[in-house]
Amino acid sequence: MNKIIKNSISIVGGAGHVGFPLGLAFGSKKYKINLVDVDQKNLNKIKLGIPPFYEIGAKKLLHKCLKKKILSFSNDLKTVKTSKFIIICIGTPVNKKLKPEVKNFVALFYKLLKIINKNQILIIRSSVYPGMIRKISKILKTKNNNIVYCPERIVQSKALIELPNLPQVVAGVNKNSVHIVSKLFKKICKKILLSTIQEAELIKLFSNANRYINFAIANQLFIMCEKYNVDFDRIRKLMKFGYERNLNLPKSGFTAGPCLLKDTMQLSSFYKGRFELGFASMKINQSMVDLVIEKVENIKNSKKKIIGILGVTFKAETDDIRDSLSIDLIKKLKKRKFKVIYSDVYYRDKNYYKTNSLIKKSDIIIIGAPHKKYMNLKFSKNKHVIDIWGRSKE
Ligand SMILES: NC(=O)c1ccc[n+]([C@@H]2O[C@H](COP(=O)([O-])OP(=O)(O)OC[C@H]3O[C@@H](n4cnc5c(N)ncnc54)[C@H](O)[C@@H]3O)[C@@H](O)[C@H]2O)c1
């Protein structure tokens, strides 16, 4: 049996949006961190002190961890065998039919079965389809009974700010490993919430579905306001003023990204396709793209004009374009033969325009992501500006 290093944590998916900041958070608490990932390019960036994506506070903390030499990097799963803790943070996507795509996720545990031993503790951090944790513990039963589920609930790009403040839900198949893992997470967060495995699985998915549905309420009301030519942003502000019961009404916008819809659809599969609110929310949130296209089409000679999209990431202050509705909009406009250019303060590719040159060149400007830098931009009167986000600060 391999010698287990007590204070060592392997993070599988360690170069990802969840795994990387989690590694830094534990790294700052004197653990030895082994970042395991199949993405060698991102591992190389981290090795050089470059965070692979925008994450507030990550660069500074990464440099500290590199200086202390507590980080190691590997694309070889076998390197987890000397770690006391193995944390799994790989993706749990849905497929084109919006059903959970679990093949790769499950395959990882069959690989781990050949590597791990009974003294190690396996922590699942990915958001999983309900029932998955029991399935994993059955796969690993002959080798290891220390399976603990600790779902991640951070908002992307703010992991290092939120991790210390968010309560950590912990659930597992045996009391001893739950106790040890609670102690581990107590090092990086203030409060531990114990639950059953099924409760923990549902807490995570319900949290994202709750947000997705909540955004859909705002978007539905926004669409209604557009129809009657009234200003949703102004109504929303007046609704909230001195009236606490309306404070939870979010702003309208392109509600998307790699988690909210995906987790709502995992729940829908779990509930055998009867999650009506989830489906209705998807329809409403995604229809914001059609609404913008309709607005473009209503502008005289719009096919001859240049359309500039300001912001292509899936939300404000991130460089992540995964499942971005702004990208979806660009594709749909191009398919309809509109002339489209784009820009983003966080994301660049070979077709990227600088903010000012995009504004200068475009006749129609669409706010695709409400980055702070776009909040106070002034546009000349000859530009058509389409803003579904309500660019007020509050
Ligand atoms: N992004 C978020 O803000 C967030 C928040 C809460 C929960 N989650 C959940 O966390 C999980 C991970 O999400 P993410 O956004 O970090 O995804 P990600 O794609 O950014 O990161 C996953 C990483 O896992 C790596 N990977 C995939 N298969 C692997 C394998 N077999 N072995 C080693 N590495 C492998 C990928 O290369 C990638 O770097 C998902 O279940 C997601 O739903 C994400």
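The numbering scheme is per chain: residues are counted from 1 as the chain's sequence reads. Where totals are concerned, whole chains, interfaces and linings use all residues; where local detail is concerned, this predicted model gives features only for residues with pLDDT of at least 70, and gives and counts side-chain atom pairs only at 80 or more. Each side-chain value is worked out from all heavy atoms of the structure, with water and hydrogens disregarded.

## Regarding the site of the ligand
Consideration 1: The nearness test applies per residue and asks whether one of its heavy atoms lies within 4 Å of the molecule or strand. In the region of the ligand, 22 residues are neighbours, and His17, Asp37, Thr92, Gln156 and Lys262 sit closest.
Consideration 2: We define a polar contact as two N or O atoms separated by no more than 3.5 Å, with the added condition that, inside protein, one atom must be a possible hydrogen donor and the other a possible acceptor, whereas residues neighbouring each other in sequence contribute only through side-chain atom pairs. Within the backbone of Val38, a nitrogen or oxygen atom sits 3.4 Å from a nitrogen atom of the ligand.
Consideration 3: Within the contact set of the ligand, an oxygen atom lies 2.4 Å away from a side-chain nitrogen or oxygen of Lys262.
Consideration 4: Note on areas: Shrake-Rupley with a 1.4 Å probe; residue coverage comes only from the protein chains shown. Considering the ligand on its own, with 820 Å² of exposed area, one finds that the protein chains cover 84% of that surface.
Consideration 5: Along the lines of polarity and charge, the residues of the shell around the ligand split into 8 nonpolar, 8 polar and 6 charged.
Consideration 6: Where a domain begins and ends is set by an automatic assignment or by a domain database. Each of domain 1 (5-195) and domain 2 (229-386) accounts for three or more of the residues forming the shell around the ligand. Put simply, Ala, Val, Leu, Ile, Met, Phe, Trp, Tyr, Cys and Pro go in the nonpolar bin, Asp, Glu, Lys and Arg in the charged bin, and everything else, Gly too, in the polar bin.

## Overview of the packing of helix 8 (residues 197-227) against helix 10 (residues 260-270)
Consideration 1: Across the interface, helix 8 lies against helix 10 with an axial gap of 8 Å and an inter-helix angle of 120°. Considering their axes alone, helix 8 and helix 10 lie oblique with respect to each other. Pair helix 8 / helix 10 crosses with left-handed handedness. Contacts between helix 8 and helix 10 involve Gln198, Leu202, Lys204, Leu205, Phe206, Asn208, Ala209, Arg211, Tyr212 and Phe215 from the former and Leu260, Leu261, Asp263, Thr264, Gln266, Leu267 and Phe270 from the latter. To get an axis, a line is fitted to the C-alpha atoms, and for a helix only the part in contact is used. The angle between two axes follows their N-to-C directions and goes from 0 to 180 degrees. In DSSP terms, a helix is any run of H or I states spanning at least four residues, a strand is any run of E spanning at least two, and both are numbered starting from the N terminus. For classification, angles of less than 35 degrees are called roughly parallel, those exceeding 145 degrees roughly antiparallel, those between 65 and 115 degrees roughly perpendicular, and all remaining angles oblique. By the definition used in this description, the sense in which the near helix is turned from the far one sets the handedness, with an anticlockwise turn below a right angle giving left-handed and a clockwise turn giving right-handed. Whether two residues are in contact is decided by their heavy atoms: any pair within 4.5 Å suffices.

## Focus: the environment of Ala369
Consideration 1: For Ala369, the location among the structural elements is in the loop between strand 11 (364-367) and strand 12 (384-386).
Consideration 2: Residue classification places Ala369 among the buried positions, given a relative accessible area of 0%.
Consideration 3: In this structure, the C-alpha to C-alpha distance between Ala369 and Ala316, residues 53 residues apart in sequence, is 5.5 Å.
Consideration 4: Residues within four places of Ala369 in sequence aside, it is in contact with Leu310, Gly311, Val312, Thr313, Lys315, Tyr374 and Trp389. The rule is simple: take the accessible area with a 1.4 Å probe, protein chains only, and divide by the maximum for that residue type; under 20% is buried, over 50% is exposed, in between is partly exposed.

## Focus: the sheet that holds strand 4 (residues 83-88)
Consideration 1: Pairing within the open sheet is mixed, and its 8 strands lie in the order 3-2-1-4-5-6-7-8. Each edge of the sheet is formed by a strand with only one pairing partner; in this case those strands are strand 3 (71-74) and strand 8 (192-194). The sheet shows a mean angle of 25° between the axes of neighbouring strands, taken without regard to direction.
Consideration 2: Note: two strands are recorded as paired if DSSP finds a minimum of 2 bridges between them. As paired strands, strand 7 (residues 168-172) and strand 8 are joined by 3 bridges and run parallel to one another. Bridge pairing in strand 8 places Gln168 opposite Ile192.
Consideration 3: Its contacts with the sheet put helix 1 (residues 19-27) on strand 1 (5-12), strand 2 (32-36) and strand 4, and the angle it makes with strand 2 is roughly 170°.
Consideration 4: The strands touched by helix 2 (residues 40-47) are strand 2 and strand 3; relative to strand 3, the strand with the most contacts, the crossing angle is about 160°.

## Observations concerning the domain arrangement of the protein chain
Consideration 1: Each domain of the protein chain was delimited in the assignment, giving domain 1 (5-195) and domain 2 (229-386).
Consideration 2: Between the C-alpha centres of domain 1 and domain 2 there is a distance of 32 Å.
Consideration 3: With 16 residues of domain 1 at the contact, the number on the domain 2 side is 16 residues.
Consideration 4: Summed over the three residues of domain 1 that lose the most area to domain 2, namely Tyr54, Leu98 and Gln156, the buried surface amounts to 40% of that side.
Consideration 5: Salt bridges, as used here, are contacts in which a Lys or Arg side-chain nitrogen is within 4 Å of a carboxyl oxygen on Asp or Glu. Where domain 1 meets domain 2, there are 0 salt bridges.
Consideration 6: Where domain 1 touches domain 2, the interface holds 8 residue pairs in polar contact (both at pLDDT 80 or more). Two parts placed together each lose some accessible area under a 1.4 Å probe, and the buried area is that loss summed for both.

## Some thoughts on the pairing of strand 9 (residues 306-310)
Consideration 1: Taking burial as the measure, the 5 residues of strand 9 include 4 buried ones, the bulk of the element.
Consideration 2: Both strand 9 and strand 10 (residues 339-343) contribute to a ladder of 5 bridges, which runs parallel. Bridge pairing in strand 10 places Ile306 opposite Lys339.
Consideration 3: Viewed with both strands pointing away, a crossover whose connecting path from the first strand over the helix to the second turns clockwise is right-handed. Between the parallel elements strand 9 and strand 10, the chain passes through helix 12 (residues 325-335) in a crossover that is right-handed.

## Observations regarding empty space enclosed by the protein
One way to see where empty space is left: roll a probe the size of a water molecule over the atoms.
Consideration 1: In this analysis a 1.4 Å probe is tested at points of a 1 Å grid over the protein atoms alone, and where it fits but cannot get out there is a cavity; an open set with protein on both sides within 12 Å along at least five of seven lines is a pocket; lining residues have an atom within 4 Å of a point. Grid points are joined across faces, edges and corners, and a volume is the space filled by probe spheres set on the points. One pass over the structure, following the stated rule, counts 2 cavities of 30 Å³ or more.
Consideration 2: Put simply, the largest cavity is a space of about 70 Å³.
Consideration 3: Along its surface, the largest cavity is lined by Arg125, Pro151, Glu152, Arg153, Leu163, Leu166, Pro167, Gln168, Val169, Phe185, Ile188 and Cys189.
Consideration 4: Residue composition of the lining of the largest cavity, grouped by class: 8 nonpolar, 1 polar and 3 charged.
Consideration 5: Taken as a whole, the second largest cavity encloses approximately 50 Å³ of empty space.
Consideration 6: Considering the residues around the second largest cavity, the lining is formed by Thr92, Pro93, Pro100, Glu101, Val102, Phe105, Ser127, Val128, Tyr129, Met132 and Gln266.
Consideration 7: Residues of the lining of the second largest cavity, tallied by class, amount to 7 nonpolar, 3 polar and 1 charged.

## Observations concerning the layout of surface pockets
Consideration 1: Estimated volume of the second largest pocket: approximately 370 Å³.
Consideration 2: Together, 19 residues line the second largest pocket, and Phe222, Glu226, Lys227, Leu291 and Lys295 are the ones closest to its centre.
Consideration 3: Those elements that place two or more of their residues in the lining of the second largest pocket are helix 8, helix 9 (232-240), helix 11 (276-297) and strand 12.
Consideration 4: It is helix 8 that provides the largest number of residues to the lining of the second largest pocket, a total of 5 residues.
Consideration 5: Residues of the lining of the second largest pocket, tallied by class, amount to 8 nonpolar, 4 polar and 7 charged.

## Examining a nonpolar patch on the surface
Consideration 1: The patches reported here contain residues having more than 30% relative accessible area and no salt bridge. Joining distances are 9 Å for like charges and 5 Å for nonpolar side chains (Val, Leu, Ile, Met, Phe, Trp, Tyr). Together, Met224, Tyr228, Val230 and Ile235 give the surface a local cluster of nonpolar side chains, amounting to about 400 Å² of exposed area.
Consideration 2: Its location among the elements puts Met224 in helix 8.

## Remarks on the nonpolar core
Among soluble globular proteins, nonpolar side chains are generally buried collectively.
Consideration 1: Membership of the largest hydrophobic core comes to 39 residues, with the highest contact counts inside it found for Ile9, Leu22, Phe26, Ile33, Ile123 and Phe185.
Consideration 2: Counting residues per element, this core draws most heavily on helix 1, which supplies 5 residues.
Consideration 3: Beyond its immediate sequence surroundings of up to four residues, Ile123 is in contact with Phe85, Ile86, Ile87, Ile88, Val148, Cys150, Val181, Leu184 and Phe185.
Consideration 4: Judged by nonpolar contacts, the second largest core, of 38 residues, contains Val292, Ile307, Leu310 and Tyr374. Throughout, nonpolar core names a set of buried Ala, Val, Leu, Ile, Met, Phe, Trp, Tyr and Cys residues whose side chains join them through atoms within 4.5 Å.

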